[in-house]
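Remarks on the overall topology
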Amino acid sequence: MAWKFFSLSPLTTKYRKVTTSKIPTCLVLKCVKYTCSSSAFHPQHSVNHDRSVNSDSFYASLIDNSTHKRHLDQIHNQLVVSGLQHNGFLMTKLVNGSSNLAQICYARKLFDGFCFPDVFMWNAIIRSYSRNNMFRDTIDMYRWMRWTGVHPDGFTFPYVLKACTELLDFGLSGLIHGQIIRYGFGSDVFVKNGLVALYAKCGRISVAKVVFDGLYHRTIVSWTSIISGYAQNGESMEALRMFSQMRNADVKPDWIALVSILRAYTDVDDLEQGRSLHGCVIKMGLEDEPDLLISLAALYAKCGMVTVARSFFDQMKTPNVIMWNAMISGYAKNGHAEEAVHLFRDMISRNVKPDSVTIRSAVLASAHVGSLKLAQWMDGYVSNSNFGSCIFVNTALIDMYAKCGSVESARMVFDRNSDKDVVMWSAMIMGYGLHGQGWEAIDLYYAMKQTSVFPNDVTFIGLLTACNHSGLVKEGWELFHSMKDFEIEPRNEHYSCVVDLLGRAGYLGQACAFIMKMPIEPGVSVWGALLSACKIHRCVTLGEYAAKKLFSLDPNNTGHYVQLSNLYASSRLWDRVAHIRVLMREKGLNKDLGYSVIEINGKLQAFHVGDKSHPMANEIFNELQILDRKLKEIGFVPHTESVLHDLNYEEKEENLSFHSERIAVAYGLISTAPGTTLRITKNLRACVNCHSAIKLISKLVEREIIVRDANRFHHFKDGLCSCRDYW
């Protein structure tokens, strides 16, 4: 098998094709020519051996100091004139010199002109291909070397292993490993380090660990290879454990090891230990090392300290794409979506070529911004780039459009992709769920199964969410129990969806019983869903029980206290509302300030409750008064229970009119042409009164008004909402 693999095959170089079966001159003729012209046949050879040694040193020095191909040409010509063109030492030096100047074609020409190359000459040409990232050619040269009967040595295999590593060829790796043992280099530390790195890069970290454990003398390279392997394969805790062992062995880490450890701390969100390692970087004087700057930026960005991360970014004169990715992703995932988009635009304006990670982070940021115009710009950019057919990027686009309020555009992206995996199907199903289109989500699920794509756990979260927002209790219940048909174990997210499904529909007893029978410990999301349902149906006793569980699991989450306070307020239990507020003050917790954002001509404008800071405040509040008058004329009665304070009726009614989403609607009406769709995003759940009012406003002004609140999208049109008042 091994002989078959290493049989002669064509060898392709970067510049021209050379086939090993077409050796430039017949080996036999070259041998005769060499023998006849060799200095061994001349009397001078035995007269002055020292002179030969001196000439070797002289020419070797010239080769080492060459900075241009013409220098190598001149030296080669002189070697021919001096009869030294068959000197293996000098010709090997010449091949290495060509490689150092990236003259791989010239190096190959020199190699082809030398008869019967020894292992040193073979190593030189193999090294040349490896150093110039021509890894397939590296392997082909190794094949040819073995075919000619030259045995590799300890310097051959590191280059061959590097080629296997870059090619990610696990099958080839096993064959090379076998030959390493066959030729007696199984205990060579440099070769074994290469094997550790190779298996780790190929995703066979367990095999890499076996090789590592067999090392009697472990260098910093050995430790770094295994630590990097664990970090790269997502086993961050193992990487940290190996780092601890390395420190216990009194091995001082180098910057490569520190990069991998920082990555591990980033993966596990351990900012405290990451900061300690940052101190170590400074003490070692490595704070200017580019790869460490990138790793530190990624750590701080992921842990939410984007200002610190930005300081590392600004330190680099010419940030590479990995550094751009760290910052854009950090901004996008930590509530700084607009900064992420701005940075992405800055990146492409500097002609820095983004990769798939950059694009996906920018698309994610666009989704968080919520601007449909920005989403359309991003879609256009992707379509005109090399990532137009990337399944991961297109999946992100589907999610982006759904979160920017256009499920139709999301479906267009979905339909134009012929190659759909389960992640793309799930993204589209989740998009329908977000917009309360339960039946569309279910229909797409059955279409997915017909194409022989099997659902995963995320698919069912999307389906259950769609059923929640559409009141499809029976369908959701059946879908949940069908998960076992695909051997999918439900997670807390699935259980919370079922609790939400039952609770919203008023089946609070069944929801509570369902929780008690859960085979896993109910998490925050499960009890949160029950508390939310209790608020909807004003079930105080059960709501207090759910809140008690939440306070024990997540004592510093403001939302739980606000939710319980809202439950008390809706039931007019004002003394208990006051008690919750005192409790929140004692814990130093503050309720999030509600705001609404509206997109007008591609620009976003934010409003808070009663906000009069806008330059057009007078016009906005005049429009609000006009809308209130028209609403009263058609019989609208404010839902004063939506004001969660103990106020008199007149105060409550006025308060409701000044909610941020109502102000945003008024601003949109006076700022756009008749018939223009208004798109509004609210950071909190919309209140019942505003929901009812905006339904009627959409009919009065003959507009579609799309509101995205903390839970879902509401499409108001002709006096109706897409949620059918089930939210």
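Residues numbered from 1 in each chain as written. Predicted model: local features only at pLDDT ≥ 70, side-chain atom pairs only at ≥ 80, totals over all residues. Heavy atoms only, no water.

1. A few points about the overall build of the chain
Within the chain, the secondary structure is distributed over 39 helices and 8 strands. Looking at the chain alone, contacts between residues at least 24 apart form 64% of all its contacts between residues at least 6 apart. (Helix = DSSP H or I, 4+ residues; strand = E, 2+ residues; numbered from the N terminus. Contact = heavy atoms within 4.5 Å.)

2. A look at the pattern of salt bridges
Counted under the stated rule, the structure contains 18 salt bridges. Ionic pairing is found between K474 and E478, a salt bridge with its closest N-O pair at 3.0 Å. Of this pair, K474 and E478 both sit in helix α29 (residues 473-481), 4 residues apart, which is roughly one turn of the helix. Bridged by salt links that share partners, the residues D457, R491 and E493 form one connected network. (Salt bridge = Lys/Arg side-chain N within 4 Å of Asp/Glu carboxyl O.)

3. Points about the packing of helix α14 (residues 220-232) against helix α15 (residues 236-248)
Axes are the key here: two packed helices are described by the angle between their axes and the distance separating the axes. As a packed pair, α14 and α15 sit with axes 7 Å apart at the nearest point and diverge in direction by 160°. The angle between the axes of α14 and α15 places the two elements in the roughly antiparallel class. In terms of crossing hand, the pair formed by α14 and α15 is left-handed. Note on element contacts: α15 touches α14 through S236, E238, A239, M242, F243, Q245 and M246, opposite I220, W223, I226, I227, Y230 and A231. Here the contact of α14 with α15 is composed, by residue class, of 10 nonpolar, 2 polar and 1 charged. (Axes fitted to C-alpha atoms, helices over the stretch in contact; angles between N-to-C directions. Parallel < 35°, antiparallel > 145°, perpendicular 65-115°, else oblique. Left-handed = near helix turned anticlockwise from the far one by under 90°. Nonpolar A, V, L, I, M, F, W, Y, C, P; charged D, E, K, R; others polar.)

4. What to know about the packing of aromatic side chains
Applying the stated rule across the entire model yields 24 aromatic pairs. Aromatic side chains F111 and W144 sit 6.0 Å apart centroid to centroid with 75° between the ring planes, which places their arrangement in the edge-to-face category. With F111 in helix α7 (residues 104-112) and W144 in helix α9 (residues 135-147), this pair connects stretches of sequence that are 33 residues apart. Exposure class is identical for F111 and W144. Each is buried. Plain terms: the ring middles of W527 and Y545 are 5.6 Å apart, the flat faces sit at 80° to each other, and that makes the pair edge-to-face. One end of the pair, W527, is in helix α32 (residues 524-537); the other, Y545, is in helix α33 (residues 540-553), and 18 residues separate them in sequence. According to the relative accessible area criterion, W527 is buried, its value standing at 4%. The exposure class of Y545 is partly exposed, given its relative accessible area of 33%. An aromatic cluster is present here, built from Y445, Y446, F454, F460 and F486 joined pairwise through their rings. (Phe/Tyr/Trp six-rings, centres within 6.5 Å; stacked < 30°, edge-to-face > 60°. Buried < 20%, exposed > 50% of the residue type's maximum accessible area, 1.4 Å probe, protein only.)

5. Some points on the sheet that holds strand β8 (residues 720-721)
Spatial strand order, β4-β3-β5-β6-β7-β8: 6 strands in an open sheet with mixed pairing. Across the chains shown, the open sheet's two edge strands, defined by having one partner strand only, are β4 (603-608) and β8. The pairing of strand β3 (residues 595-600) with strand β5 (residues 678-682) spans 3 bridges and is classified as antiparallel. If you follow I598 over to β5, its bridge partner there is I680. (Pairing = 2+ DSSP bridges.)

6. Describing the UniProt feature "repeat: PPR" (unreviewed entry) in the chain
Mapped onto this numbering, the UniProt entry annotates "repeat: PPR" (unreviewed entry) at residues 118-152, 219-253, 320-354, 421-455 and 456-490. Helix makes up 74% of residues 320-354 and strand 0%, and the two end C-alpha atoms of the span are 10 Å apart. Within residues 421-455, the helical portion is 74% and the strand portion 0%, while the C-alpha atoms at the span's ends are 10 Å from each other. (UniProt positions renumbered as here; feature names shortened; annotations may be inferred.)

7. Regarding the environment of T395
Its location among the elements puts T395 in helix α24 (residues 391-403). Owing to a relative accessible area of 10%, T395 belongs among the buried residues under this scheme. Excluding anything up to four places from it in sequence, T395 contacts V423, M424 and A427.

8. Observations concerning the nonpolar core
Counting residues in hydrophobic clusters, the biggest one holds 186 residues, and the most contacted among them are I125, I176, I226, M400 and L530. In terms of nonpolar packing, the next biggest core, distinct from the first, is built from 25 residues, I600, F636, A693 and V707 among them. (Core = buried A, V, L, I, M, F, W, Y, C linked by side-chain atoms within 4.5 Å.)

9. A short note on the environment of T307
Considering the arrangement of structural elements, one finds T307 in helix α19 (residues 306-315). Taking the relative accessible area as the measure of exposure, T307 reaches 66% and is therefore exposed. Taking C-alpha positions, T307 is 9.9 Å from M327, a pair spaced 20 residues apart along the chain.

10. So, the pairing of strand β7 (residues 713-717)
On a regular strand, each side chain points to the face opposite its neighbour's, so the side chains alternate between the two faces of the sheet. A large share of β7 lies buried, amounting to 4 of its 5 residues. The sheet contact formed by strand β6 (residues 705-708) and β7 spans 4 bridges and is antiparallel. The partner of I705 across the bridge, within β7, is F716. Across 2 bridges, the pairing between β7 and β8 is antiparallel. Residue pairing for β8: F716 is matched across the bridge by C721. Linking β7 to β8, which pair antiparallel, is a turn of 2 residues; within it D718 sits at a positive phi near 55°.

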